Structure formats: C-alpha cells, structure tokens
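The residues making up each chain are set out below.
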Amino acid sequence: MIPPIPPPSEPAAAPQQTDVVRLAAALVIAAIVVAALYLGQTILIPLAIAFLISFVLGPLVGWMARRGVPRILGVALTMALVLAVLGGIGTVVGVQVRSLSEQLPTYQSTIRAKIEDLGARMEGPGFLEGALRTVDTVQEEVAEAVGGGDEVPAQRVRVIPEPVSPFETAILWLTPVLAPLVTAGIVLVFVVLILLDQGDLRNRLLRMLGGNLYRSTDAIEEAGKRISKYLVMQLIVNVSYGIPMALGLYLIGVPGWLLWGVLAAVMRFIPYVGPVLSAVFPLSLAFAVDPGWNMVLLTAGLILVLELVSNNIVEPLLYGTSTGLSALSLIAAATFWTAIWGPVGLVLSTPLTVCLLVVGRYLPQLSILETLLGSSPALSRQTRIYQRLIANDPDEAIEIAEDVIEESSVAEFYSDEGMEVLRQASTDYLNNARAEHRLRIASGMDTLLDSLREEYPADIPEDAPPRVACIAGKWELDRLACEMLAHALRLDGIAATERAAGSITSRHVAGLELEGVEVVLLSFFSRQPDAAARNLARRIRARWPGVQVVLGFWGVPQDQLDGRRREALGADAVVASIEEAVARIVRMVTHAEGAAEVVQDPQAAATRTEALRGVALDDADLREDLDDLAKRAADVFDMRAAAILAIEAEHELVIGASRDLPGARTSDGRDLILLPHAAPIAAQLLADGEALMVPDIERDPDLAENPVLRSWSARAFAAAPIRRTDGVILGALALIHGETRALDEDEMRLLESLAAEVAERLTGEAAHPVSEPEPTQPSALLGQQVPE
C-alpha cells in the first residue's frame, strides 16, 4: 500500500507570507505617495514644472559655463532670453486675442446662415421622427392624467443677496488672476535656484541614494541627459509643428493664425488628446469666417498634412527608432496625473512619465517602472516563443520565429532562439513542467520546425546521400536539436539527416546506417553527458572508423568545453551552438585547414600602406603613448592584455601592448612583434569594418586554430577597428583574456571610442565618431518615442 503524501509542513508557507507582507508594504507605500502628491500639489506642481524647465535650460547654462561665462551671469542671461521670448510671444498673442474678440460678433450671420443651410438639407421625415412624436404624445397624456384638477400656481420667491463691499469685490476679481501669477513667480524662483545650485542638488541626491556610487552616478547622469534630450526634442517637434501651422493658417486666411500656432505647439505636450483639441479651434473659426466650405477643407487638409509629416518624418528623424513609452502607459499616466493635479497634470503627464521610465531603467529598486511604462519587450524573443508553446499556440511562435529570421538567418535563429527554447524546456522538464506542458512543447516545436523547413527549403535534393548524421543522445529535446542542425546544414549545402535517440547498445548503433556518412554529431542536452557521449562515440568509431565525431553539448557551460575535455572524450570537436556546429562541420566536410584567408581590397591596402609609412613607428614617444593607451584599455576592461595592431600588406605588426607578448620580432630596427599573414587578427575586421567580440575562442573555428592567439593563451578576444576619418582601417585595438569573457554593447562602444583615440594619435586627425547602437524593437504597437 502506498503511504499517503504528508501535508506540507508549516515552515513551507513562510516564503508566501513574506511575499504577502512585501506586497502589503508596497501598496501602503504607494498609497502614501499618491496621497502626498495630491495633498502637496500646491508645492509639488511648481517644483515639477521648475525641474522640467531646468532640464531644458540646463544645457544652455552649461554651454556658457564651459566657455568661461560665470554661472550667475549665464543663468541671468538664460532667464532674460526666456522671459524676452515669452514676453514677445505673449504680446503678439494678446494682440491677436483682442482682435479676434472684436471680430467674433461679425461672424454670427455666417454661422447662422450655415446652420440654417444644414438644417434645410436635413429637413424631412426621419426614421425616428414618428417614434419621437409618439413619445411626446404619451408624455402629454400622462401629465394631464397625473395633474388631475385645478392646480395652484407656484409663488415666485426672489432672494436678495447682501451687499458686497468694493474691497470684497476686488478680492473676488483678483484671486483668479493672482493665483497663476503667484505660481509662475514660484516656478521662476525655483528654476533660478535649480540652475544656480545644480551641482549641489546632484551631490545631495547622490547622498540620498547611497549604495554603489558608480551606479548612482551613472543613473543620475544618464537620467539627466535623456530627460533633457527628450524635453528639448519634444520642444523642437512641437515648434516645428506650430510654425507651419501658423503660416499655413495665415495663408489660408484664418484669423488669429499666430494664436492657433502657439496653441497647437503647446497642446502637443498632451498625448493623443492635445492635437485633437488644438485642431478644434481653427476649424471652428474657419467654419465661422468663410461663407463657403473652402476654408474649412483647406484648414483640415493643413492639419492632416502636418500630422503625417510630424509623426512619420520629424519625430523619427529627431528621436530615431528608439523605444519609449507604450500607448497604454501614456493614457494611464495622463489619467493618473490629471486626477491628482488637474489640467496641469495632464500637460505634465508625458514628461513626468518619461522621468519615471528613465529612473526605472537605471535604478534596480525601481525596475518595475520600466516594465510597466516602457514599450520595449518585457520578455526576450526566446522566452516569448517558449511561452507560446506552453500555451499551445505554435502559430504565434512561428510568427515570432519568422520575424527573427527576417532580421538574421535561419541558422542564427536556431542558435540564439531555438536552442535557448530547448534549454529552458530542459531546465523546467522536472521542476515546473507537467506532462501536458512537455507534450505541448514537443508538438509545438515539431510544428514550428516543419513550418520553417517548408518556408525555407534547402537547394539540395531530398534524396541526396547524407554526408552528416545528427544523432539524438538521450531524449526528445536532443532530437529537436538534431532537426534544427540538419536543416541549417542543408541550407548551407551539406546533405544531412537526423536519427532518433535510443539505448546505447550494439544493436542500436548497427541500425544507425552510417555508410557514406563523413561526420556524426551526437546531441546531448544533459548537464553531465560525458559517460553516455564517450560510450556512444566509442561504439560508432569501432563500427565506422573513418567517421569524424562531433559532440553537441548544448546544456554544458561553454567555459567547461576545452581541448582537454574533447581529447578525454575521444571526439574530433565539441560544439555548444548551432552556428558553431555548422561552421566546424563545413570545415570538416570541405577539408579546410587553418584560419580562413582574409583577402584585402587592393586599393584599401595601398592606402593603408601609404598611411602607415607616414607614421614614425620607431619614435620612442609614439611607442610609449601607444603602450599607455593599450595599458589603459586593459585596465579599463579588466583584461589580461591589450594590443594595438597595424595591418600591412603581408603581415600585421604589434605597435603597442600593455605587457610583453611572445612572438617573432622585426629585423628592421623597429623591434615590433611580427604576426604572420596566415594568422590574421586585426584583418578579421576588414570584412564588415565592425567591432568583434568572441567570448570564447574555443567556440570560433577560425580563431581557435590561430597560432598567435594560442601562443598568447587567449580564451576571450575583442577588437575594434582603428580607422581614419575617411573610413580606411589601419589596424585594431585588441583585448585578450585568459578566461571566457563577454562585453556588452556599452562596453563595445567604449572600446570603439578608445580605438578612435588610438587613430587620432597615429594620424593626427580628429577621432572618428562612434556609431549609435541599433535600437531594440518595441513590442508595443503604439507609444511615445524616447531618444536614446
């Protein structure tokens, strides 16, 4: 008899209780913050407006300070300029408002005539007219029935108010006028104080944040730059919309054209609703002024054209294609800030939400803000595919896969997304997944792979004898990996087939039918596949001695896959990704040896040689500067070594290094390390001219066989091109590390900046600007862009 499963012990509920307490605490804190925002709006609204204005004016004050203008004078000049511009615009707008108020009575006849014309066009029995008459008749009869007999007329009562003194009357008239003036004065004082004490405020904020000073500094600097850039870009977008609007209305003949242009620029700070509201006024006035309909149609066409140009040309040009706020978060934020702070909150909703988004990006404690407000994907592409498979929705998983393949290739999708899906499934196989989930993943992956094979067929015949066999080692996920690899190989022109998993016996091995096969890949997702892989590889070699064996250890950490492990397993190669497997198998099948030869463009090579001849590489001061730059690069990135390489026609030279590196020396008196032409390092960058990052050289078939990198005991490698301002690549700044290591996008851009400094030292030309990173594709369909 199977004993009953005991109930869970009491301590097991402790984590759930902790989560409930944290949630309750978070809700209490959120309620306190909302209450503070509502109750303190009298102070917080001017302070928020002042901070946002200071973000816009801060760069101008800083620009003057960098040119020797005292900060007090710079703030005074900036505020004088702002007040002069606002005063000028206010004066012109006031004149237009007065003129418009005087002309409005003259438009009554036009409005009345148009309304009568519309009424005449709509005269005649409508489909609801009979029903409405019936309702009116019933109401009259009910009123007569309820009223009964004679009614006593109601007596009229008149309430005479108490007389108000002239002083009270003045207070009633001045209060609505003085309140905005007082708020404006407070905002002006706050702006001046913030601009004067910007550094002190930054230091106090750093003290409040505490913790890691590096992270806090990065967060404040990046948040300030991005918010400032967003507000400036938004101001430019709005002005670029308001000026054409005013000029267009002037040409059309709409009165108050400057007023409506300024209103359109201001209202565009309000998301979605603002442009609609700003369009109502000029359209209404065009309706009132023109006896016909031409002015209304022209005004509507002008607004439509400006919206299309602003949304599709101006904003993408200024913002780029970076992701920002989702449309849902914009509407929710507008509703929230309007409920808390009224109409002012509606105007400030987008800038304030951008501030929260940027803070959430750089403060881990508030990262939930980026998830809630941002339009960037909340889940990675592989996680989205995995989740859709769990939800039994392979169709959407196929759509995501096809979108990824359009940006890259089938092999890259298999290597980056497909294999990661299988890794997640392997991790969750025993811990979280139920039997139904496992079936959904297996069936969904079969459907996805069938669709991709149909959508991206190989050029080789289906009945071509296979040169490569992919054999599943243990279970279903190993077979799915084999199918992906076989498809990727066929797309590369190598006939490949896959075999299902089975028990490692002589009978099973005999049934694999590997006659004519040159390379066998054994697929394993297990974290400890050595015993099974060694046994299966030994049996295959015993039956087919000429077959080369490649082991696909998809679930083993890459830093554990080195040459010693490969030799102990008796394999020709060990791979960790689909792309690496394809590259190694292609080299095995085509019998390629050594690193791929890099062919230089003759014209670029001649230009490069001529440029390097003008560099005095035997100059001791130059060599010392280059060594210092290499040492700085190695220290900044915490790498074991850094080298500056120059590309010549037949070889490469190490012209600067952070430490002594082994290698043959030149015999021309310059005493430079000479790299052979057959072992290129910097020349690897000539193909696409982009920076290169190889976290594990063992995983790169070309660099793994590079004798120079082997002599330098390199396991990780990164390099950025050293280029002149005309784009000609002179060499590379390379980083070498003895362990696996990966640099993120920001670090790669920093490496490119250091390479630009090396180019400036070599050529004497200004540093080549570093290209901006590719933006992340947003998952939200609508949203507000935020400059990166």
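What comes next concerns the included structure. (Residues numbered from 1 in each chain as written. Predicted model: local features only at pLDDT ≥ 70, side-chain atom pairs only at ≥ 80, totals over all residues. Heavy atoms only, no water.)

### Let's talk about the overall build of the protein
- Scanning the protein from terminus to terminus reveals 28 helices and 13 strands.
- Evaluated residue by residue, the protein yields a buried proportion of 38% over its 788 residues.
- Contacts in the protein between residues at least 24 apart in sequence constitute 70% of all its contacts with a sequence separation of at least 6.
- Just so you have it, the protein exposes about 44000 Å², and 60% of that area is on carbon and sulfur atoms. (Helix = DSSP H or I, 4+ residues; strand = E, 2+ residues; numbered from the N terminus. Buried < 20%, exposed > 50% of the residue type's maximum accessible area, 1.4 Å probe, protein only. Contact = heavy atoms within 4.5 Å. Areas by Shrake-Rupley, 256 points an atom, 1.4 Å probe, with all protein chains shown as cover.)

### Observations regarding the environment of Arg499
- You can see Arg499 is positioned in strand β3 (residues 496-499).
- Judged by its relative accessible area of 18%, Arg499 is buried.
- For Arg499, the contacting residues outside a window of four places in its chain are Cys470, Ile471, Ala472, Leu512 and Glu513.
- Polar contacts involving the side chain of Arg499 include one to the side chain of Thr497, which spans 3.1 Å. (Polar contact = N/O pair within 3.5 Å; in protein donor to acceptor, adjacent residues only side chain to side chain.)

### Description of unusual backbone geometry
- Within the chain, Asn392 stands out as a residue other than glycine whose phi angle is a positive 60 degrees.
- As for its position among the elements, Asn392 is in the loop between α15 (381-390) and α16 (394-407).
- Judged by relative accessible area, Asn392 falls into the exposed class, the value being 51%.

### Some thoughts on helix α23 (residues 578-590)
- Taking 1.5 Å per residue as the helical rise, α23 with its 13 residues ought to reach 18 Å, and the 18 Å between its terminal C-alpha atoms agrees with that figure.
- For α23, the full list of buried residues reads Ile578, Glu580, Ala581, Val582, Arg584, Ile585, Arg587, Met588 and Val589.
- One side-chain oxygen of the residue at the start of α23 lies 3.2 Å from the amide nitrogen of Glu580, identifying that residue as Ser577. (Expected span 1.5 Å × (residues − 1).)

### Concerning the pairing of strand β2 (residues 468-472)
- Most of β2 is tucked away: five of the five residues are buried.
- Here β2 shows no split at all, with Val468, Cys470 and Ala472 on one side and Ala469 and Ile471 on the other all buried.
- Pairing geometry for β2 and β3, over four bridges, is parallel. Bridging across to β3, Val468 finds its partner in Ala496.
- Between the parallel pair β2 and β3, the chain is carried across by helix α19 (residues 476-491), and the sense of this crossover is right-handed.
- Pairing analysis gives five bridges linking β2 to strand β4 (residues 519-524), with the strands arranged parallel. Directly across from Cys470, in β4, lies its bridge partner Leu521. (Pairing = 2+ DSSP bridges. Right-handed = clockwise from strand over helix to strand, strands pointing away.)

### Let's talk about helix α28 (residues 745-763)
- In this model, α28 (19 residues) spans 27 Å end to end at C-alpha, consistent with the 27 Å of a helix rising 1.5 Å per residue.
- Within α28, the full set of buried residues consists of Met748, Leu751, Glu752, Leu754, Ala755, Ala756, Val758, Ala759 and Leu762.
- Contacts made by the buried residues of α28 are with α25 (620-636), β7 (641-647), β8 (652-657), β10 (692-694), β11 (716-723) and β12 (729-737).
- The opening residue of α28, the one whose side-chain oxygen lies 3.2 Å from the backbone nitrogen of Asp746, is Asp744.
- Positioned one or two residues after α28, Gly764 has a phi angle of 80 degrees, which is positive.

### A look at the pattern of salt bridges
- Scanning the entire structure with this criterion turns up 25 salt bridges.
- Measuring nitrogen to oxygen at the nearest pair gives 2.2 Å for the salt bridge that ties Arg479 to Glu476. Residue Arg479 and its partner Glu476 are both found in helix α19; the two are separated by three residues, about one turn of the helix.
- Accessibility expressed as a relative area gives 37% for Glu476, which makes it partly exposed.
- It is possible to trace a salt-bridge network through shared partners that takes in Asp446, Asp450, Arg453, Glu476, Arg479 and Glu483. (Salt bridge = Lys/Arg side-chain N within 4 Å of Asp/Glu carboxyl O.)

### Quick notes on the state of the cysteines
- Applying the stated criterion across every chain, the model contains zero disulfides.
- Left without a disulfide partner, Cys470 is nearest to the cysteine sulfur of Cys482, which lies 5.3 Å away. (Disulfide = S-S within 2.5 Å.)

### A look at the sheet that holds β4
- Spatially, five strands are ordered β3-β2-β4-β5-β6 in an open sheet, and the strand pairing comes out parallel. Only two strands of the sheet have a single partner each, and these edge strands are β3 and β6 (573-575). Across this sheet, the average inter-strand angle for adjacent strands is 20 degrees, counted without regard to direction.
- Pairing of strand β5 (residues 548-553) with β6, which is carried by three bridges, proceeds in the parallel orientation. Among the inter-strand pairings, Gly552 is bridged to a residue of β6, identified as Val575. (Axes fitted to C-alpha atoms, helices over the stretch in contact; angles between N-to-C directions.)

### A short note on the sheet that holds β11
- Within the open sheet, the six strands sit side by side as β9-β8-β7-β12-β11-β10. Their pairing is antiparallel. At either margin of the open sheet sits one strand with a lone partner, and together these are β9 (673-675) and β10. The mean inter-strand angle of the sheet, taken between neighbouring strand axes irrespective of direction, is 25 degrees.

### Topic: the packing of helix α8 (residues 213-252) against helix α13 (residues 343-362)
- Contact geometry for α8 and α13: axes closest at 9 Å, N-to-C directions at 150 degrees. The orientation of α8 with respect to α13, classified from their angle, is roughly antiparallel. Where α8 crosses over α13, the two elements pack in a sense that is right-handed. For the pair α8 and α13, the contacting residues are Arg215, Ala219, Glu222, Ala223, Arg226, Ile227, Tyr230 and Leu231 in the first and Thr350, Pro351, Val354, Cys355, Val358, Arg361 and Tyr362 in the second.
- Residues of the contact of α8 with α13, tallied by class, amount to ten nonpolar, one polar and four charged. (Parallel < 35°, antiparallel > 145°, perpendicular 65-115°, else oblique. Left-handed = near helix turned anticlockwise from the far one by under 90°. Nonpolar A, V, L, I, M, F, W, Y, C, P; charged D, E, K, R; others polar.)

### Things to note about the packing of aromatic side chains
- According to the stated counting rule, one finds six aromatic pairs in the structure shown.
- Between Trp260 and Phe281 the ring centres are 5.8 Å apart and the planes differ by 5 degrees, which places this aromatic pair in the stacked class. Separated by 21 residues along the polypeptide, Trp260 in helix α9 (residues 257-267) and Phe281 in helix α10 (residues 273-289) bring together distant segments of the chain.
- For Trp260, a relative accessible area of 10% puts it in the buried group.
- Here Phe336 and Trp337 contribute two aromatic rings whose centre-to-centre distance is 5.1 Å and whose plane-to-plane angle is 75 degrees, an arrangement assigned as edge-to-face.
- Among the aromatic residues, ring-to-ring pairing joins Phe336, Trp337 and Trp341 into one connected group.
- Over the ring of Tyr241 we find Arg268, and its NZ or CZ is 4.4 Å from the ring centre.
- Above the plane of the ring of Trp544 lies Arg543, whose end atom (NZ or CZ) is 5.5 Å from the centre. (Phe/Tyr/Trp six-rings, centres within 6.5 Å; stacked < 30°, edge-to-face > 60°. Lys NZ or Arg CZ within 6 Å of the ring centre and 35° of its normal.)

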